[in-house]
Amino acid sequence: MTTTTEVTQERRLVTAIPGPLSTAAMARRSDAVSGGLGLTFPVVIERAQDSILIDIDGNQIIDLGSGIGVTSVGNATSRVVSRVIDQVQAFTHTCFTVAPYINYIEVCEALNRLAPGTHKKKSMLVNSGAEAVENAVKIARYYTKRPAIVVFEHAYHGRTNLTMALNAKNMPYKEGFGPFAPEIYRMPLPYSFRWIGNKATITEDAIEMITHKIEKEIGAHNVAAILIEPIQGEGGFIVPPKGFLPALAQYSRDNGILFVADEVQTGFCRTGHMFAVEAENVVPDILITAKALAGGLPLGGVTGRAEIMDSVHISGLGGTFGGNPVACAAALGAIETMEQDNLAVRAQHVGKVLSDGLKALAAKYSVIGEVRGMGAMQAIELVVPGSIEPNSDATSKVLKYCTANGVFILSAGTYNNVIRFLPPLVITDELLADALGVLDAAFGAL
Ligand code: PLZ
């Protein structure tokens, strides 16, 4: 680190946002970087700690997105930083399948211990969420000797060819990038806010529709895996109705289908549980992780029943960088932080403060159609007042206002009308209150 000074956990604006230095750097970005990459905040970050980002103009910004749900333990947190420094000085790479090292094994041991279920589990490590999903599908197909993968409306699983096929949303993820991988079947999702059927029987009706479709359109005996995000992330923080995930898991068990939970966004204390499936005591056959696993370094994991993970022939799984020792060191620091600082409990508190604050805003501003979420994974869905018509225009205005005022918040949703909150779980109550005040002003300015 270039400095040892702590970053004060407060918002401080010293220029307009973006400031002059960020604006100049954005011109270089446009000149040098592919135009195919998106840009949420035109602000260049120089330093960060916990929940505060400092840009090159010296503004201190509240981070309510954690770099899309990654820095849950806080940005550049001490246990991660010190382990990374030690590891990078010791060695940086060998390739685990060429010459192994102990911290890869330790991360797998931790994942096996933390993943739901008391059965024997094994893991493998990769570089990203998409690569973890890819490997989960490979393993599920290999183990079951079946081709079909069942996914859901509003799903998001990555940007590789297979994971694009698994995604529900065409623009921007799939448009122009096909042809896509075959044997992917999409099922309805019980999205209660937009459910056109009887909301009182949403769980039973959705399960009935899905199992009917599986049996008539695919044949249950052809399905390798049912792959689902326990709460959909990019899709708009859609929390399925109670009983839905347990019923799907039971149907999977009854039909020799693997139940695969993509906890890339929901995992590692975010929802107030180590993993979101624990809220309803669901035990997945395969658990997919990434994002918050390594406190900001790129790392993904696939954890599953030992007999499933061991079914693949030797060298059928691998990759040059997967489970890089520096990323593994970071993961051990991040997991230690989650467990020793009890971040699942902290996430419940952060979630309560957020949802209380958001519900107060919803009572005040009719453009907020719904507040939903679990733990520190909360969202508001914006509508044309008096209807459920998506309001993406208001969404982008609110986000623009927050950015200009030093609060970074992300959008989401199939209709681009959801504002999602994924703050670092270590965020202070003062920062949350300050950010909610800015959000209030943003809605007031609409
Ligand atoms: N599964 C549930 O949320 C990543 C996407 C950012 P990678 N979500 C953020 C973007 O615009 O590309 C995600 C996810 C779920 C898988 C992934 C994919 O994880 O690490 O981005 O590959």
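A quick note: this is a predicted structure, and the numbers were derived from the prediction, not measured. (Residues numbered from 1 in each chain as written. Predicted model: local features only at pLDDT ≥ 70, side-chain atom pairs only at ≥ 80, totals over all residues. Heavy atoms only, no water.)

## Let's talk about the site of the ligand
Link 1 in the chain: Taken together, the neighbourhood of the ligand is formed by 14 residues, with Gly129, Ala130, Arg159, Asp262 and Gln265 sitting nearest.
Link 2 in the chain: Between the ligand and the protein, one listed contact pairs an oxygen atom with a backbone N or O atom of glycine 129 at 2.8 Å.
Link 3 in the chain: Lysine 291 places a polar side-chain atom, nitrogen or oxygen, 3.1 Å from a nitrogen atom of the ligand.
Link 4 in the chain: For the ligand, whose unbound accessible area comes to 510 Å², protein coverage reaches 81%.
Link 5 in the chain: The residue makeup of the shell around the ligand, split by class, is four nonpolar, five polar and five charged. (Near = heavy atom within 4 Å. Polar contact = N/O pair within 3.5 Å; in protein donor to acceptor, adjacent residues only side chain to side chain. Areas by Shrake-Rupley, 256 points an atom, 1.4 Å probe, with all protein chains shown as cover. Nonpolar A, V, L, I, M, F, W, Y, C, P; charged D, E, K, R; others polar.)

## Overview of unusual backbone geometry
Link 1 in the chain: A cis geometry characterises the amide bond from isoleucine 17 onward to proline 18, with omega recorded as 0°.
Link 2 in the chain: Among the structural elements, proline 18 can be located in the segment before α1 (20–32).
Link 3 in the chain: In this structure, the amide linkage connecting glycine 178 to the following residue, proline 179, adopts the cis form with an omega of 5°.
Link 4 in the chain: We note that isoleucine 68 has phi near 60°; this positive angle belongs to a residue other than glycine.
Link 5 in the chain: If you trace the backbone, isoleucine 68 turns up in helix α2 (residues 66–69).
Link 6 in the chain: The backbone phi angle of serine 315 is positive, close to 75°, even though this residue is not glycine.
Link 7 in the chain: Structurally, serine 315 is set in the loop between α9 (306–309) and α10 (325–340). (Helix = DSSP H or I, 4+ residues; strand = E, 2+ residues; numbered from the N terminus.)

## Focus: the side chain of asparagine 135
Link 1 in the chain: Topologically, asparagine 135 is positioned in helix α5 (residues 129–144).
Link 2 in the chain: A polar contact of 2.8 Å, which involves the side chain of asparagine 135, links it to the backbone oxygen of glutamate 131.
Link 3 in the chain: With sequence-adjacent residues up to four places away left out, asparagine 135 is seen in contact with Met124, Val126, Val302 and Leu317. (Contact = heavy atoms within 4.5 Å.)

## Things to note about the packing of aromatic side chains
Link 1 in the chain: On inspection of all chains with the given rule, the structure shows nine aromatic pairs.
Link 2 in the chain: The interplanar angle of 5° and the centroid separation of 3.6 Å between the aromatic rings of phenylalanine 96 and tyrosine 104 together place this pair among those described as stacked.
Link 3 in the chain: Measuring from centroid to centroid gives 5.1 Å for phenylalanine 268 and phenylalanine 275, while their planes differ by 65°, and the two rings are edge-to-face.
Link 4 in the chain: Assessed through its relative accessible area of 1%, phenylalanine 268 is described here as buried.
Link 5 in the chain: Here the aromatic cluster, defined as three or more aromatic residues joined through ring pairs, consists of Phe91, Phe96, Tyr101 and Tyr104.
Link 6 in the chain: Taking NZ or CZ as reference, lysine 145 lies 4.0 Å from the ring centre of tyrosine 142, over its face. (Phe/Tyr/Trp six-rings, centres within 6.5 Å; stacked < 30°, edge-to-face > 60°. Buried < 20%, exposed > 50% of the residue type's maximum accessible area, 1.4 Å probe, protein only. Lys NZ or Arg CZ within 6 Å of the ring centre and 35° of its normal.)

## Remarks on the domain arrangement of the protein chain
Link 1 in the chain: Partitioning the protein chain into structural domains gives domain 1 (20–76 + 343–444) and domain 2 (80–340).
Link 2 in the chain: Look at where the C-alpha atoms of domain 1 and domain 2 centre, and you get two points 25 Å apart.
Link 3 in the chain: Taken together, the contact pairs 40 residues of domain 1 with 33 residues of domain 2.
Link 4 in the chain: When the buried surface of domain 1 facing domain 2 is broken down by residue, Val73, Met374 and Met377 rank first, second and third, together holding 24% of it.
Link 5 in the chain: Along the contact surface separating domain 1 from domain 2 lie two salt bridges.
Link 6 in the chain: When the shortest N-O distance is used, the salt bridge between arginine 194 and glutamate 381 registers 2.6 Å.
Link 7 in the chain: Mapped by element, the contributors of at least two residues to the side of domain 1 that touches domain 2 are α2, α11 (343–364), β11 (368–374), β12 (377–382) and β15 (418–421).
Link 8 in the chain: For the side of domain 1 that touches domain 2, the leading source of residues is β11, giving five residues.
Link 9 in the chain: Its residues assigned to classes, the side of domain 1 that touches domain 2 shows 22 nonpolar, 13 polar and five charged. (Domains from an automatic or database assignment. Buried area = accessible area lost by both parts, 1.4 Å probe. Salt bridge = Lys/Arg side-chain N within 4 Å of Asp/Glu carboxyl O.)

## Brief notes about the packing of α11 against helix α13 (residues 429–444)
Link 1 in the chain: Where α11 meets α13, the closest approach of the two axes is 11 Å, and the angle between their N-to-C directions is 20°. Compared by their axis directions, α11 and α13 come out roughly parallel. When the axes of α11 and α13 are compared, the crossing they make is right-handed. Residue-level inspection shows Arg346, His349, Val350, Val353, Leu354, Gly357, Leu358, Leu361 and Lys364 of α11 in contact with α13, the latter providing Asp429, Leu432, Leu436, Leu439, Asp440 and Phe443. (Axes fitted to C-alpha atoms, helices over the stretch in contact; angles between N-to-C directions. Parallel < 35°, antiparallel > 145°, perpendicular 65-115°, else oblique. Left-handed = near helix turned anticlockwise from the far one by under 90°.)

## A word on the pairing of β15
Link 1 in the chain: Burial along β15 is two-sided: Val418 and Arg420 facing one way and Ile419 and Phe421 facing the other are all buried.
Link 2 in the chain: In this sheet, β15 lies alongside β12 in antiparallel orientation, the contact comprising four bridges. Along β15, the bridge assignment pairs isoleucine 380 with isoleucine 419.
Link 3 in the chain: In this structure, strand β14 (residues 410–412) lies alongside β15, joined through three bridges in antiparallel fashion. Looking at the pairing, serine 411 lines up with isoleucine 419 of β15. (Pairing = 2+ DSSP bridges.)

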